[in-house]
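Structural characterization, general
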Amino acid sequence: MKKIFEIRDKAVIYEILDQAEYGTLALSVDNTPYAVPLNFVRLEDTLYFHGALMNKKMKMLAQNPKASFSVVENHSLIDSDFSSTEGLACPATQFFKSVSMEGVIELVESREEKVAMFEALMKKLQPKGGYKPFDEEIYDKALKATAVYKLIPFKISCKFKFGQNLSEERFEMIVESLEKRGAEIDRKTIKIMKAERGVNDGV
């Protein structure tokens, strides 16, 4: 990863993870990769997931608990002619934020930790509330029938790609093109582009 794209601020990384509704968990057994999108919730640096007690994920994790996980926050698609007048396809790209983690998966056994996970997940996905607390006995059967597992990371990386490496001319061409297209995501992208560039003109 180019240093210019790398983000180390944990507050920024946490914000991306907390706003993402789902991510992709990647596993591998016998040199065969397997990736699956799923909901998750973060508690400190640890990510929590849930699912069936016995499925493909659980069988693979029993053989190899090492895993990686990634989330992507999409921003504007940059058309090829937004930063070039040569008529080539090469300049086309996508601006985005991403977080990638590598670590080890552990199965959660305690009821208390399962309850904490589901409470946090529901607050993330259904902040309005409207459900009974998970520490009530009514959830006992469901908690026992559901696998909860967590990714304990040993490496976390974050990348922002918003044209930080572009020349001033190409950067301004993209800003102008995004302003002309005028979608909401384009206006948000321009704000991030200028923030990463150190430009503050009130856009």
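In case you missed it, the structure is sitting above this.
I will try to describe carefully the structure that is included in this document. (Residues numbered from 1 in each chain as written. Predicted model: local features only at pLDDT ≥ 70, side-chain atom pairs only at ≥ 80, totals over all residues. Heavy atoms only, no water.)

Digging into the environment of alanine 183
Among the structural elements, alanine 183 can be located in the loop between α5 (168-181) and α6 (184-197). Remark: the alpha-carbon pair of alanine 183 and asparagine 55, spanning 128 residues in sequence, is separated by 42 Å. (Helix = DSSP H or I, 4+ residues; strand = E, 2+ residues; numbered from the N terminus.)

Some words on the side chain of serine 98
Inspection of the secondary structure puts serine 98 in strand β7 (residues 93-108). In contact with serine 98, other than residues within four places in its own chain, are Val71, Val72, Ser157, Cys158 and Lys159. (Contact = heavy atoms within 4.5 Å.)

A look at the pattern of salt bridges
In this structure the tally under the stated criterion is 10 salt bridges. Taking the shortest distance from any N to any O, the salt bridge between lysine 10 and aspartate 45 comes out at 2.7 Å. In this pair, lysine 10 sits in helix α1 (residues 10-19) while aspartate 45 sits in the loop between β4 (41-43) and β5 (46-52), placing the two residues 35 residues apart along the sequence. Take lysine 10: its relative accessible area is 42%, and that puts it in the partly exposed class. Linked through salt bridges whose partners overlap, the residues forming this network are Asp79, Arg181 and Asp186. (Salt bridge = Lys/Arg side-chain N within 4 Å of Asp/Glu carboxyl O. Buried < 20%, exposed > 50% of the residue type's maximum accessible area, 1.4 Å probe, protein only.)

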